[in-house]
Number of protein chains: 2
Amino acid sequence: MQHVISVLVENKSGVLSRVSGLFSGRGFNIDSLSVAPTLDPSASMMTIVTQGDDRIIEQITKQLNKLVDIIKVVDITENEYIEREMVLIKVSARQEERAEVFRIADIFRARILDSSSTSYTIEATGDAKKIGAIVDQLRPLGIKEFMRTGRIAIARKSESGEPAEKVKVPRPHRR
Amino acid sequence: MQHVISVLVENKSGVLSRVSGLFSGRGFNIDSLSVAPTLDPSASMMTIVTQGDDRIIEQITKQLNKLVDIIKVVDITENEYIEREMVLIKVSARQEERAEVFRIADIFRARILDSSSTSYTIEATGDAKKIGAIVDQLRPLGIKEFMRTGRIAIARKSESGEPAEKVKVPRPHRR
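Quick summary incoming for the structure in this document.

Conventions we followed
- Residues numbered from 1 in each chain as written.
- Chains lettered and ligands numbered in written order.
- Predicted model: local features only at pLDDT ≥ 70, side-chain atom pairs only at ≥ 80, totals over all residues.
- Heavy atoms only, no water.
- Helix = DSSP H or I, 4+ residues; strand = E, 2+ residues; numbered from the N terminus.
- Buried < 20%, exposed > 50% of the residue type's maximum accessible area, 1.4 Å probe, protein only.
- Contact = heavy atoms within 4.5 Å.
- Areas by Shrake-Rupley, 256 points an atom, 1.4 Å probe, with all protein chains shown as cover.
- Phe/Tyr/Trp six-rings, centres within 6.5 Å; stacked < 30°, edge-to-face > 60°.
- Least-squares fit on C-alpha atoms with pLDDT ≥ 70 in both.
- Pairing = 2+ DSSP bridges.
- Axes fitted to C-alpha atoms, helices over the stretch in contact; angles between N-to-C directions.

Some points on the overall build of chain A
Item 1. Within chain A one finds four helices and nine strands.
Item 2. Written out in order from the N terminus, the α and β elements of chain A read β-α-β-β-α-β-β-α-β-β-α-β-β.
Item 3. Considering chain A as a whole, with its 175 residues, one finds that 55% of them fall into the buried category.
Item 4. Residue pairs in contact within chain A that sit at least 24 positions apart in sequence constitute 72% of those at least 6 positions apart.
Item 5. Element-wise, carbon and sulfur atoms account for 50% of the exposed surface of chain A, whose accessible area totals about 8100 Å².

Regarding the packing of aromatic side chains
Item 1. This structure, assessed with the given rule, holds four aromatic pairs over all chains.
Item 2. Plain terms: the ring middles of Phe-102 of chain A and Tyr-120 of chain A are 5.6 Å apart, the flat faces sit at 75° to each other, and that makes the pair edge-to-face. With Phe-102 of chain A in helix H3 (residues 98–107) and Tyr-120 of chain A in strand S7 (residues 119–126), the pair connects residues that are 18 residues apart, well separated along the chain.
Item 3. Ring geometry for Phe-23 of chain B versus Phe-28 of chain B: centroids 6.2 Å apart, planes at 80°, classification edge-to-face.

A closer look at the relation of the copies chain B and chain A
Item 1. For the pair chain B and chain A, the best superposition has an RMSD of 0.0 Å and corresponds to a rotation of 180° with a translation of 0.0 Å parallel to the axis. Taken together, the rotation and translation relating the two chain copies correspond to the operation of a two-fold axis. Relative to the rotation axis, the C-alpha of Ser-34 of chain B is the closest in chain B, positioned 2.1 Å from it.
Item 2. Comparing contact sets, 100% of the residues at the interface of chain B also lie at the interface in chain A, consistent with an isologous, same-surface contact.

Focus: the environment of Phe-146 of chain A
Item 1. Topologically, Phe-146 of chain A is positioned in strand S8 (residues 143–148).
Item 2. Given a relative accessible area of 11%, Phe-146 of chain A falls into the buried group.
Item 3. For the pair Phe-146 of chain A and Asp-69 of chain A, spaced 77 residues apart in sequence, the C-alpha to C-alpha distance is 34 Å.
Item 4. If we ignore the near neighbours within four places in the chain, the residues touching Phe-146 of chain A are Val-87, Leu-88, Ile-89 and Val-135 of chain A together with Pro-37, Thr-38 and Leu-39 of chain B.

Side note on the sheet that holds strand S1 (residues 2–10) of chain A
Item 1. Taken in spatial order, the eight strands of this open sheet run S4(A)-S1(A)-S3(A)-S2(A)-S2(B)-S3(B)-S1(B)-S4(B), and their pairing is antiparallel. Whereas interior strands pair on both sides, the edge strands pair on one side only; in this sheet they are strand S4 (70–75) of chain A together with strand S4 (70–75) of chain B. Taking the axes of each pair of neighbouring strands and ignoring which way they run, one obtains an average angle of 15° across the sheet.
Item 2. Summarising the sheet, S1 of chain A and strand S3 (residues 43–51) of chain A pair through nine bridges and their orientation is antiparallel. From the neighbouring strand, Gln-2 of chain A faces S3 of chain A, where its bridge partner is Gln-51 of chain A.
Item 3. On top of the sheet, helix H1 (residues 15–25) of chain A reaches S1, strand S2 (30–37), S3 and S4 of chain A together with strand S2 (30–37) of chain B; it is set at about 15° to S3 of chain A, its chief contact.
Item 4. Most of the contacts of helix H1 (residues 15–25) of chain B go to strand S3 (residues 43–51) of chain B, to which it runs at about 15°, and overall it touches S2 of chain A together with strand S1 (2–10), S2, S3 and S4 of chain B.

Put into structure tokens, the structure is as follows:
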């Protein structure tokens with residue numbers, strides 16, 4: 001089973017190296033990882049997507065908690081959560097293919113960021129399934145470049161403990 | 001000056017640890033880093049955002065090229081490029097604040113992904129400046145959680161060598 005672990009760390013040199021060394025040294029696989037600043041300049045947030053049964057994940061979180069400069073470790077997948085990833089895709093789009101790329105972008109609510117005489121660059125966001133689906137749709141046209149952020153996740157339950165309402169949120173008004 | 005370096009690596013255990021160890025061991029600072037699978041299952045792409053003058057960046061790319069399991073190192077910021085980051089923000093949104101959150105999301109073309117009785121969860125994408133601006137707008141309402149992917153970038157110039165057209169791309173039709 002895939003787990004998304006968020007690790008709040010002190011913003012110090014060597015933390016990333018220690019965390020990634022812990023994974024490789026123990027043979028734990030990392031599917032994706034991102035590390036970026038938080039709103040507090042002294043801390044960074046790492047999001048690690050990894051595979052493993054409950055025993056392995058427990059072992060990983062215990063080992064992470066033992067490292068210096070680690071403030072907090074949370075397995076976000078333990079509760080309800082929202083996960084998202086962003087990809088940038090440069091896809092071949094000559095004259096006769098342009099309409100098709102537009103249709104695919106529209107279906108996946110993706111954005112066309114840039115255009116050349118032979119390609120479009122598209123930004124898409126979504127969970128793993130949606131990203132896989134847009135890649136499958138664009139692949140026959142010819143994907144020239146592909147960059148992805150790795151997944152990040154956020155708990156659905158709010159801090160005060162009450163579950164999030166499962167209401168349908170209306171889409172913002174488009175101008 | 002900030003540089004975005006993309007590093008294509010063999011998908012082997014320990015590569016991330018060696019790359020991050022190279023940075024910390026030499027005192028090079030990493031602002032953000034993401035590593036994720038590519039379309040080729042044997043390779044992963046790392047995107048590293050770092051600071052430094054040209055001499056330091058040259059040193060970094062040389063050192064990276066010497067590491068085993070590194071396939072290709074490109075300083076994307078050397079040429080024209082598009083950079084993007086995604087953030088997930090859970091912001092306080094009680095009844096009287098909801099309209100204001102909608103207005104801010106609309107201005108920044110952000111998406112509201114989830115709602116609870118006291119909060120909205122928003123997905124926003126953009127360059128560093130835009131992300132900074134939406135955070136500044138939402139901060140007075142109360143940001144409860146904040147996750148970001150770190151930046152990824154893609155060259156504007158297409159592979160065949162011709163520059164991308166600087167045309168305005170029409171927005172896809174909204175239904």
